Amino acid sequence: MSEKNVVAAIHDALRDEMAADERVVVLGEDVGVRGGVFRITQGLLEEFGEERVIDAPLAESSIVGVAIGMALHGLVPVAEIEFADFIHPAFDQIVSEAARMRYRSNGDFGLPMVVRCPWGGGVHGALYHSQSVEAFYGHVPGLKVLVPATPYDAAGMLRSAIHDPDPVLFLEHKKTYRLIKGEVPDEPFTVPIGVADVKREGDDLTVVAYGLMLHQCLEAAERLQEEQGLSAEVVDVRTIQPLDRETILASVRKTGKAMVVYEDNRSYGAGAEISATIAEEAMFDLDAPVARLGGPDVPAMGFAASLEHAFIPDTDRIFDRMLELARF
Amino acid sequence: MATRLSETSHEALGLSGEDLLSMYRTMVTARLCDEAAFRLNRQGKAPFVVPVSGHEGCQVGTAWALERGRDVWLPYYRDVAVVLAAGMTPKDIFLGLFAKADDPSSGGRQMPSHWGSRRLSIISHSSPIGTQLPHAAGIAYAVKLRREDSVVACWFGEGATSEGDWHEALNFAGIYKLPVVFVCENNLYAISVPQEKQMAVKNVADRGGAYGFPGAVVDGNDVLACYDVMKEAVARARAGEGPTLIEAKTYRFYPHTSDDDDRTYRTREEVEEAKHGDPLIRFVGYLKEQGLIDDARVEALAAEIKEDIDRQIDEAWNAPDPDPATLARHVFAEPGDPEASEE
């Protein structure tokens with residue numbers, strides 16, 4: 001075991017996978033000489049060479065499109081989109097091509113490929129370096145959408161993504177990159193795709209979250225315990241698609257109260273699907289309506305600290321909403 | 001436009017008389033598949049047809065320079081003759097037209113003429129235009145990285161050249177000098193929009209230089225000229241000299257699809273005029289000159305091919321439809337699916 005931050009955990013897992021399997025290649029903007037703007041791919045160019053670590057032209061659609069071609073011909077590409085906010089030009093390649101290749105060919109062609117990208121706010125990223133994109137892609141069958149929040153999960157799930165026979169969108173919350181540290185095994189290990197994780201056990205209410213919000217919910221849950229003597233169970237979604245409904249529902253059935261927290265715009269966000277699932281499947285186990293806390297329905301968070309803070313659900317707001325629900 | 005046919009003999013291109021007759025047979029098969037498909041469309045048996053007629057010369061000419069089992073094919077929806085050259089049969093094509101379970105491209109999931117076959121190295125494509133070009137570049141990158149000697153060929157219309165993916169793919173292929181040939185079948189119209197509203201340049205091929213590799217204009221109705229230019233491009237690619245952009249100037253004789261009405265954007269006179277350049281007629285002329293065929297043989301061959309196609313249409317028509325219980329299959333990998341990365 002070693003203590004690592006999220007950046008180191010992802011870097012090390014990627015490095016080990018490249019060392020273990022020569023089919024794994026990395027491509028993206030600034031991933032080579034620069035080692036990635038967040039340093040995820042640092043040192044890979046030196047270790048694995050220019051052929052396997054490709055400083056791609058500044059063109060997101062073809063970063064994904066070229067990766068699709070590579071996956072069709074014996075490679076396992078790990079493409080990086082520099083910021084989730086810049087992934088939109090590749091939407092067609094991800095949705096029309098990658099997600100549908102297996103289905104449209106009736107199982108003839110598969111695409112073992114990963115698209116990694118940093119997402120989320122809280123880093124003064126303003127409109128175009130803060131976005132949440134998981135709901136766009138969670139809506140698309142044929143894609144797996146991962147949102148690990150801890151160094152352990154990020155490392156283990158990246159390995160699973162690279163081993164997966166289907167396209168995976170691997171979303172890394174950029175605020176967690178250096179903020180969150182944790183123990184990570186030194187030997188290879190995987191964390192399964194499509195399995196949520198109860199990060200904190202509790203009895204009075206269930207809080208479902210992912211990404212940065214998971215950590216804020218855990219913080220708020222601690223406070224709720226200390227200040228109010230109420231115990232919240234916190235479920236880390238970890239995978240947006242396929243969603244682990246069972247783990248979420250089991251927790252909700254146990255506590256009888258459910259709250260979903262996400263930083264994406266509230267309407268039609270991933271939390272809407274989770275809330276609907278709880279309402280559909282666990283209505284008679286609930287002692288209160290499902291609570292949903294998300295970002296406001298404005299285009300994005302602002303650069304000014306005041307505007308950014310007003311956008312992202314913070315620990316205080318999460319705490320207040322948890323308390324309100326617990327007391328319902 | 002000068003006819004390459006009268007300038008260079010097929011022997012100089014390394015083609016035997018037998019090769020020429022195979023090429024001719026493939027062109028006629030494509031043409032007759034079209035006629036049959038429209039007949040079936042009028043009978044209400046085929047809801048959607050994408051015609052090839054007019055493009056047989058550039059398709060067979062370019063596809064013939066590739067090798068089955070060695071090279072990789074990324075066609076677009078008009079490429080009936082390309083996929084025939086790649087190894088599909090008329091039955092395969094009609095299984096797709098009728099959306100049957102055994103349609104090799106998609107098991108009846110995609111619209112007709114959305115080709116794909118892992119067995120034949122024909123890469124599955126979608127309807128959005130130009131999206132297959134980055135795939136061609138990525139495959140070519142993998143070919144190069146794996147030190148293989150395959151060549152990747154990618155076909156598209158001139159409308160596709162306006163897409164961002166088109167630019168991105170050629171740019172990437174140029175940077176890494178990839179073993180890929182880009183073939184533009186320029187028939188002057190992207191559905192209804194004429195070339196002059198699609199681009200300010202006269203030739204798509206002129207853009208090759210902007211990506212650091214050669215572009216070549218060829219008479220797309222001259223099958224041997226197309227073969228000639230493609231053969232050179234394939235040799236360049238195989239030798240590690242990088243991509244080539246080929247622009248075959250041609251014309252489509254029918255509307256864009258069975259759902260289009262080309263009278264709204266092309267005069268009948270223009271279409272009739274274009275038919276004087278019919279690649280089949282021109283090739284027959286050459287074959288006659290060479291003493292390889294005569295009128296009686298042309299007629300007999302057409303009858304023979306038509307009969308063969310009709311038999312295959314019957315087989316395809318009587319094949320089973322997809323089972324609705326398979327609707328949710330192949331969203332993700334299933335046990336036993338081929339692992340794309342293990343090919």
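Everything numeric here is computed off the predicted structure, so don't read it as measured data.

Rules used in this analysis
Residues numbered from 1 in each chain as written. Chains lettered and ligands numbered in written order. Predicted model: local features only at pLDDT ≥ 70, side-chain atom pairs only at ≥ 80, totals over all residues. Domains from an automatic or database assignment. Contact = placed C-beta atoms within 7 Å. Nonpolar A, V, L, I, M, F, W, Y, C, P; charged D, E, K, R; others polar. Helix = DSSP H or I, 4+ residues; strand = E, 2+ residues; numbered from the N terminus. Buried ≥ 20, exposed ≤ 12 C-beta atoms within 10 Å, placed from the backbone. Pairing = 2+ DSSP bridges. Right-handed = clockwise from strand over helix to strand, strands pointing away. Axes fitted to C-alpha atoms, helices over the stretch in contact; angles between N-to-C directions. Parallel < 35°, antiparallel > 145°, perpendicular 65-115°, else oblique. Left-handed = near helix turned anticlockwise from the far one by under 90°.

### Brief notes about the domain arrangement of chain A
Residue and element names in this part refer to chain A.
Alright, step 1. Entries for chain A in the domain assignment read domain 1 (2–184) and domain 2 (197–326).
Alright, step 2. Each partner contributes to the interface: domain 1 provides 25 residues, whereas domain 2 provides 25 residues.
Alright, step 3. Classifying every residue of the side of domain 1 that touches domain 2 gives eleven nonpolar, ten polar and four charged.

### Observations regarding the interface of chain A and chain B
Alright, step 1. In this complex, chain A contributes 39 residues to the contact, which on the side of chain B involves 42 residues.
Alright, step 2. For the side of chain A that touches chain B, the elements supplying multiple residues, two or more each, are helix H3 (60–72), helix H4 (91–98) and helix H5 (101–104) of chain A.
Alright, step 3. Residue contributions to the side of chain A that touches chain B peak at ten residues, all from H3 of chain A.

### Points about the pairing of strand E13 (residues 258–265) of chain A
All names here are of chain A.
Alright, step 1. A large share of E13 lies buried, amounting to seven of its eight residues.
Alright, step 2. Pairing geometry for strand E10 (residues 205–209) and E13, over three bridges, is parallel. Paired with Val 208 across the two strands is Val 260, which belongs to E13.
Alright, step 3. Bridging between E13 and strand E14 (residues 291–295) involves four bridges; their strand directions are parallel. The residue of E14 that forms the bridge with Asn 265 is Gly 295.
Alright, step 4. A crossover links E13 with its parallel partner E14, the connecting element being helix H11 (residues 270–282), and its sense is right-handed.

### Notes on the sheet that holds strand E2 (residues 152–157) of chain B
One key point about sheets: their strands pair by backbone hydrogen bonds, in either a parallel or an antiparallel sense.
All names here are of chain B.
Alright, step 1. Here five strands make up an open sheet; going across it, the order is E1-E2-E3-E7-E6 and the pairing parallel. Edge positions in the open sheet fall to strand E1 (72–74) and strand E6 (215–219), since each of these has one partner strand only. Pairs of neighbouring strands in the sheet enclose a mean axial angle of 20°, with direction left out of account.
Alright, step 2. Both E2 and strand E3 (residues 180–186) contribute to a ladder of six bridges, which runs parallel. Bridged to Val 152 within E3 is Val 180.
Alright, step 3. Helix H5 (residues 132–145) contacts E1, E2 and E3 of the sheet and is inclined by roughly 170° relative to E2.

### Here we look at the pairing of E6 of chain B
One face of the sheet, then the other: side chains in a regular strand alternate in exactly this way.
All names here are of chain B.
Alright, step 1. Judged from the five bridges that link them, E6 and strand E7 (residues 244–249) form a sheet pairing that is parallel. Each residue of the ladder has a partner; that of Val 217, found in E7, is Glu 247.
Alright, step 2. Handedness of the crossover joining E6 and E7 through helix H7 (residues 223–238) is recorded here as right-handed.

### Some thoughts on the environment of Val 37 of chain A
Residues and elements named next belong to chain A.
Alright, step 1. When you line up the elements, Val 37 lands in the loop between strand E2 (24–28) and helix H2 (44–48).
Alright, step 2. Distance in space between the C-alpha atoms of Val 37 and Thr 150 is 20 Å, their sequence separation being 113 residues.
Alright, step 3. Leave out the neighbours within four places in its chain, and Val 37 touches Asp 30 and Glu 82.

### Let's talk about the packing of helix H9 (residues 212–228) of chain A against helix H13 (residues 315–326) of chain A
Residues and elements named next belong to chain A.
Alright, step 1. Two elements in contact, H9 and H13, have axes separated by 9 Å at closest approach and are oriented at 55°. Between H9 and H13, the angle falls in the class oblique. Two packed elements cross with a definite hand, and for H9 against H13 that hand is right-handed. Contacts between H9 and H13 involve Gln 216, Cys 217, Glu 219, Ala 220, Arg 223, Leu 224 and Gln 228 from the first element and Thr 315, Ile 318, Phe 319, Met 322 and Leu 323 from the second.
Alright, step 2. Its residues assigned to classes, the contact of H9 with H13 comprises seven nonpolar, three polar and two charged.

### A few points about unusual backbone geometry
Alright, step 1. At the junction of Gln 241 of chain A and Pro 242 of chain A, the peptide bond is cis and its omega measures out at 0° in the coordinates.
Alright, step 2. By the element assignment, Pro 242 of chain A lies in the loop between strand E12 (239–241) and helix H10 (245–255).
Alright, step 3. Unusually for a residue other than glycine, His 330 of chain B sits at a positive phi of about 65°.
Alright, step 4. Its location among the elements puts His 330 of chain B in the segment after helix H10 (295–317).

### Remarks on the sheet that holds strand E9 (residues 197–200) of chain A
Residue and element names in this part refer to chain A.
Alright, step 1. Overall, mixed pairing links the five strands, which are arranged E9-E11-E10-E13-E14 in an open sheet. Two strands lie at the open edges of the sheet, namely E9 and E14, each paired on one side alone. Taken pair by pair, the neighbouring strands of this sheet meet at an average axis angle of 25°, ignoring direction.
Alright, step 2. Relative to strand E11 (residues 232–236), E9 runs antiparallel, the two being bridged by three bridges. In the strand pairing of E11, Val 198 is matched with Val 235.
Alright, step 3. Running at roughly 165° to E14, H13 makes contact with E10, E11, E13 and E14 of the sheet.

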